[in-house]
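Here are the chains, one letter per residue:
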Amino acid sequence: MSQEIAPASEAPQHPGDLLSPDHLAGVLRDRIRKGELRQHERLPTQRALVEEFGTNRTTVRQALAILEREGYVSTRGRGAPAVVSAPSRDSPRPASAEVADRIAVAFHAEDISIDAFCLTTETLNSALAAPLIAISAGELTPRSISIRVLLPNPDAPLAYPRLVSDPSDRRPLARLRQITRTFSTSLRHQLTSLGEMQLVPKVNVEIRAVPITPVQKLYLLNGSEVLSAYYQVVPRVVEYEDEQMEIYDVLGLSSKVFRSSSDTAFVEESQQWFESLWSTLAQPLTLG
């Protein structure tokens, strides 16, 4: 179950400080959970929220967008106040939404660090799209970005992907190799370009491979938050070299993500687990 930290206060601690969209969303989320804002009740107008929290309309809109994706509010058209909805009691969300939202929040830090253990980096690439656009537009100005990724070595005897009818057939792993090359190359290029264009003073991207079949995906954000999701193995039909194959595979974008930031012991243990793989079994990824 996703774990949220209730805001320590509902307003900026110093005059002139601006809340982040995530913080403002947290304040409103907390009010909804406590019943201060009831189901079907209208939220205050955007103007009222701007005045109450000493922020701007962009921050308010972004906060409301977060709550809408989570199911806490629904919008009724441009200019109309949002209305409180009834989300499904903090149920985990698909990786395609949760990872993107949490990485967007992580990119508001001056020094950004992301450690990831996943199958192909497809979800990570997708989640980085919006923050990288914001950096290119000058809306975000981080001092440094450090990303380390652990991927399974497609040359190792992985449990999946594999052909349903013939586990010894190497074509599913060859297909994985192609996908891994595409996404890892894209990841490196997008991030190193920020340094080359002098948009971010310091950028570091490392991708290593381990001879392990991942049973879950894991993201460590700024050393303070863990996102994890189980890979559900499913049979599905894919195309490779103009031929259809039925394989056992996983669907990472739709896997449900569990979030933890308040459990510091879990965050620390997850970081140590990642470091143990990174410093022992992991080797630089080479895909030819």
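Residues numbered from 1 in each chain as written. Predicted model: local features only at pLDDT ≥ 70, side-chain atom pairs only at ≥ 80, totals over all residues. Heavy atoms only, no water.

Undergrad: Would you mind showing me how to read the sheet that holds strand β13 (residues 283-284) here?
TA: Within a sheet, each strand pairs with its neighbour through backbone hydrogen bonds, oriented either parallel or antiparallel. Taken in spatial order, the 8 strands of this open sheet run β3-β12-β9-β8-β4-β5-β7-β13, and their pairing is mixed. Each of the sheet's edge strands pairs with one partner strand only, and the pair in question is β3 (93-94) and β13. This element, helix α6 (residues 171-196), spans β5 (144-152) and β7 (202-210) of the sheet and lies at about 165° to β7. The strands touched by helix α7 (residues 264-278) within the sheet are β4 (111-117), β5, β7, β8 (216-221), β9 (225-230) and β12 (256-260), with β5 carrying the most contacts at an inclination of about 65°. (Pairing = 2+ DSSP bridges. Helix = DSSP H or I, 4+ residues; strand = E, 2+ residues; numbered from the N terminus. Contact = heavy atoms within 4.5 Å. Axes fitted to C-alpha atoms, helices over the stretch in contact; angles between N-to-C directions.)

Undergrad: In this structure, what is going on with the packing of aromatic side chains? I would like to understand it.
TA: The geometry of an aromatic ring pair is captured by the separation of the ring centres together with the interplanar angle, meaning the angle of the planes. Taken as a whole and assessed by the stated rule, the structure comprises 2 aromatic pairs. The interplanar angle of 70° and the centroid separation of 5.4 Å between the aromatic rings of F117 and W273 together place this pair among those described as edge-to-face. Within this pair, whereas F117 is found in strand β4, its partner W273 is found in helix α7, the two being separated by 156 residues in sequence. You can call F117 buried: its relative accessible area is 3%. (Phe/Tyr/Trp six-rings, centres within 6.5 Å; stacked < 30°, edge-to-face > 60°. Buried < 20%, exposed > 50% of the residue type's maximum accessible area, 1.4 Å probe, protein only.)

Undergrad: I'm lost on the sheet that holds strand β6 (residues 162-163) in this one. Help?
TA: With antiparallel pairing, the 3 strands of this open sheet are ordered in space as β6-β11-β10. If you trace the sheet from one side to the other, it starts and ends with β6 and β10 (233-240), each paired once. Where β6 and strand β11 (residues 243-250) come together, 2 bridges link them in antiparallel fashion. Within the sheet, the bridge partner assigned to L163 lies in β11 and is I247.

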